[in-house]
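# Structural overview
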Amino acid sequence: MVSCGETAKENVETKQKEEVNKKGNFKDWAQTPPMGWNSWDCYGPTVTEKEVKANADYMSEHLKNYGWEYVVVDIRWFVENTKAAGYNQTDPKYVIDEYGRYQPAVNKFPSAKDGKGFKPLADYIHGKGLKFGIHIMRGIPVEAVTKKSPVKGTDGITADEIYTTENQCKWLRDNYTVVASKKGAQEYYNSLFELYAAWGVDFIKIDDLSAPIYHEDEINLIRKAIDNCGRKIVLSTSPGETPIESAEHVSENANMWRMVNDVWDEWLHLKHLMEVSQDWYPYIGDGTWPDCDMIPLGKISIRGERGEERMTRLTKEEQYSLMTFFCIMKSPLFFGGDLPSNDEFTLSLLTNKELLKMHSNATNVKQLFQKDNELAITSSDSASNTTYLALFNIGDEEDREITIPLRKLNLENKEMVVNEILSKNTYSIDDKKLKVTLKPHESYLLSFSLVK
């Protein structure tokens with residue numbers, strides 16, 4: 001017999017799902033590019049609950065008022081014996097429930113004890129006025145297949161009936177591929193997002209979806225599962241160079257998708273990102289965002305995957321260039337450093353009001369040119385009659401004098417106020433053109449506000 005309390009709970013859950021569906025398409029859930037913190041660059045697969053809370057506390061106190069809101073636990077939160085600078089694929093100790101779904105390892109996330117999952121941590125983060133996210137790998141756990149775990153929501157289908165070893169992730173062997181055409185495949189993904197919705201997850205980053213193979217079938221399963229779960233969960237697909245041939249599909253199914261592999265604190269990574277991004281400008285906006293990857297600034301690799309613990313190796317000029325590029329591209333912004341370790345300079349990059357206003361409000365992002373180690377990008381904010389221009393010297397050796405005819409910005413012979421947003425430099429401007437001289441790896445970001 002079903003109790004009155006259970007019936008009432010079911011009615012509430014049904015109303016919540018109806019409310020989410022009423023509020024429309026998933027693109028409405030990220031009308032501006034998502035902003036937050038992700039544990040990967042600091043802690044790799046080893047982050048603990050204490051460290052997540054410390055970063056959430058910092059975000060709440062110092063960054064929330066500037067639009068930063070997501071706190072994301074990255075990879076392998078379900079493995080008890082993880083390690084830095086690697087994955088321990090020799091003898092991993094997984095935590096998994098009866099339905100083949102990973103659970104947080106209690107030795108790293110103590111509040112998950114007694115089957116509570118991530119709900120207590122999500123509640124803590126929500127109590128700070130922030131949002132909670134997690135990382136998963138696509139597919140179904142190898143351990144669930146081995147154990148023939150039942151798939152929740154089916155009549156006796158087990159994990160070993162919906163998997164294949166074909167196209168298994170090459171760099172992490174925790175999961176097998178889910179065969180989308182198999183009965184029980186959709187139900188498995190539905191059961192995952194039913195669980196995540198119950199935990200209070202607001203954001204999910206799903207790995208091995210985009211490269212070297214674009215897994216369209218599994219992305220379709222995931223999209224349906226999120227839409228069915230009754231909670232607005234922003235979807236980030238990862239990693240690697242999402243093929244431009246899949247641009248229409250990914251922009252109709254995900255809120256954000258990676259353009260390149262992991263971006264670390266090396267100038268060559270940023271330069272490569274600038275080159276690859278050229279195909280993605282038409283897909284910026286309307287709740288879907290090409291993703292530049294995490295921001296490798298501040299203190300990184302405390303127990304990370306690339307190098308020793310350090311403050312970012314990027315120079316101040318390179319940090320200005322990275323933030324300028326990420327923001328004018330309207331990329332999602334996920335800081336990778338340990339927030340409580342920030343110095344004043346790093347904090348200033350994350351709290352520049354004019355920079356973040358451009359990132360949030362500007363539209364019509366266009367590359368004017370990228371040639372001879374010179375890059376120019378523009379965008380505009382019609383509400384404030386403002387045009388933005390970002391200039392970069394992406395070369396390694398020579399200073400570059402970059403000239404921009406104002407007619408290319410529709411600003412020729414216009415009365416306007418010019419403002420330097422991030423780095424400071426020397427420029428000259430008349431009614432016809434703008435000139436800026438930049439040293440290697442330098443950038444310059446200007447706004448032009450028309451005088452009414």
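Criteria and cut-off values
- Residues numbered from 1 in each chain as written.
- Predicted model: local features only at pLDDT ≥ 70, side-chain atom pairs only at ≥ 80, totals over all residues.
- Heavy atoms only, no water.
- UniProt positions renumbered as here; feature names shortened; annotations may be inferred.
- Axes fitted to C-alpha atoms, helices over the stretch in contact; angles between N-to-C directions.
- Helix = DSSP H or I, 4+ residues; strand = E, 2+ residues; numbered from the N terminus.
- Parallel < 35°, antiparallel > 145°, perpendicular 65-115°, else oblique.
- Contact = heavy atoms within 4.5 Å.
- Nonpolar A, V, L, I, M, F, W, Y, C, P; charged D, E, K, R; others polar.
- 1 Å grid on protein atoms, 1.4 Å probe; cavity = no way out; pocket = protein on both sides within 12 Å on 5 of 7 lines; lining within 4 Å.
- Points joined across faces, edges and corners; volume = space filled by probe spheres on them.
- Buried < 20%, exposed > 50% of the residue type's maximum accessible area, 1.4 Å probe, protein only.
- Polar contact = N/O pair within 3.5 Å; in protein donor to acceptor, adjacent residues only side chain to side chain.
- Phe/Tyr/Trp six-rings, centres within 6.5 Å; stacked < 30°, edge-to-face > 60°.
- Core = buried A, V, L, I, M, F, W, Y, C linked by side-chain atoms within 4.5 Å.
- Pairing = 2+ DSSP bridges.
- Expected span 1.5 Å × (residues − 1).

In the annotation of an unreviewed UniProt entry, the entry for the protein chain reads Alpha-galactosidase, and the organism field reads Neptunitalea lumnitzerae. Looking at the protein chain in UniProt, the text filed under Sequence similarities (unreviewed entry) is "Belongs to the glycosyl hydrolase 27 family." As its UniProt record puts it under Catalytic activity (unreviewed entry), the protein chain is described as follows: "Hydrolysis of terminal, non-reducing alpha-D-galactose residues in alpha-D-galactosides, including galactose oligosaccharides, galactomannans and galactolipids."

### Remarks on the packing of helix 10 (residues 316-328) against helix 12 (residues 353-361)
Running from amino to carboxyl end, helix 10 crosses helix 12 at an angle of 30 degrees, the nearest separation of the two axes being 8 Å. Viewed along their axes, helix 10 and helix 12 adopt a mutual orientation that is roughly parallel. Across from Met323, Phe326, Cys327 and Ile328 in helix 10, the residues of helix 12 making contact are Leu355, Met358 and His359. For the contact of helix 10 with helix 12, a count of residues per class yields 6 nonpolar, 1 polar and no charged.

### So, the layout of surface pockets
In this model, the second largest pocket occupies a volume close to 290 Å³. Surrounding the second largest pocket, 21 residues form its lining, Trp40, Tyr87, Trp171, Pro239 and Asp262 being those nearest its centre.

### Re empty space enclosed by the protein
On inspection of all chains with the given rule, the structure shows 3 cavities of 30 Å³ or more. In terms of lining residues, the largest cavity is bounded by 14 residues, among which Lys205, Met256, Asp291, Met294 and Phe334 are the most central.

### Some remarks on the side chain of Gln186
When you line up the elements, Gln186 lands in helix 6 (residues 185-199). Residue classification places Gln186 among the buried positions, given a relative accessible area of 17%. Of the polar contacts made by the side chain of Gln186, one reaches the backbone oxygen of Leu221; its length is 3.0 Å. For Gln186, the contacting residues outside a window of four places in its chain are Leu221, Lys224 and Ala225.

### A look at the packing of aromatic side chains
Counting across every chain of the model gives 23 aromatic pairs. Between Trp40 and Tyr87 the ring centres are 6.5 Å apart and the planes differ by 20 degrees, which places this aromatic pair in the stacked class. With Trp40 in helix 2 (residues 40-43) and Tyr87 in the loop between strand 2 (70-73) and helix 4 (119-127), this pair connects stretches of sequence that are 47 residues apart. In this pair, the class of Trp40 matches that of Tyr87, namely buried. On the basis of an interplanar angle of 80 degrees and a centroid distance of 5.2 Å, the ring pair of Trp77 and Phe78 is categorised as edge-to-face.

### A short note on the nonpolar core
Ranked by internal contacts, the top residues of the largest apolar core, which has 127 residues, are Phe193 and Phe325. No other element matches helix 6, which puts 9 residues into this core. Apart from the residues lying within four places of it in its own chain, the contact partners of Phe325 are Leu270, Leu273, Met274, Ser277, Tyr281, Cys292, Leu375, Ile377 and Phe392. If you look at the next biggest cluster of nonpolar residues, it comprises 16 residues, including Leu389, Leu409, Met416 and Tyr444.

### Remarks on the environment of Lys64
Relative to the assigned elements, Lys64 resides in the loop between helix 3 (49-63) and strand 2. Overall, Lys64 belongs to the partly exposed group, its relative accessible area being 31%. Spatially, the C-alpha atoms of Lys64 and Asp430 are 39 Å apart, while their sequence positions differ by 366 residues. Every residue in contact with Lys64, bar those within four places of it in the chain, is listed here: Met59, Lys128, Gly129 and Leu130.

### A word on the sheet that holds strand 6 (residues 175-178)
In space, the 3 strands of this open sheet follow the order 4-6-5, with antiparallel pairing throughout. Each having just a single partner strand, strand 4 (140-141) and strand 5 (163-164) make up the two edges of the open sheet. Where strand 4 meets strand 6, 2 bridges bridge the pair, whose relative direction is antiparallel. Looking at strand 6, one finds that Pro141 is bridged to Asn175.

### Structural notes on the sheet that holds strand 17 (residues 400-405)
Pairing is antiparallel across the open sheet formed by 3 strands, whose spatial order is 17-20-19. Each end of this open sheet is capped by a strand with a single partner; those strands are strand 17 and strand 19 (427-429). Pairwise comparison of adjacent strand axes, ignoring direction, gives a mean angle of 15 degrees for this sheet. Relative to strand 20 (residues 433-438), strand 19 is paired through 3 bridges, and the arrangement is antiparallel.

### Quick notes on the environment of Pro239
Note that Pro239 resides in the loop between strand 8 (234-237) and helix 8 (247-251). Between the alpha carbons of Pro239 and Val260 there is a distance of 7.0 Å; along the sequence they are 21 residues apart.

### Points about the pairing of strand 20
Side chains Leu434, Val436 and Leu438 of strand 20 all project onto a buried face; the interleaved residues Lys433, Lys435 and Thr437 project onto a face where none is buried. Across 6 bridges, the pairing between strand 17 and strand 20 is antiparallel. Paired with Ile404 across the bridge in strand 20 is Leu434. Linking strand 19 to strand 20, which pair antiparallel, is a turn of 3 residues.

### Brief notes about helix 3
In this model helix 3 runs 20 Å from its N-terminal to its C-terminal C-alpha over 15 residues, within 8% of the 21 Å that 1.5 Å per residue would give. For helix 3, the complete set of buried residues consists of Glu49, Glu51, Val52, Asn55, Ala56, Tyr58, Met59, Ser60 and Leu63. Where helix 3 is buried, its residues touch strand 1 (35-38), helix 2, strand 2, helix 4 and helix 11 (344-350).

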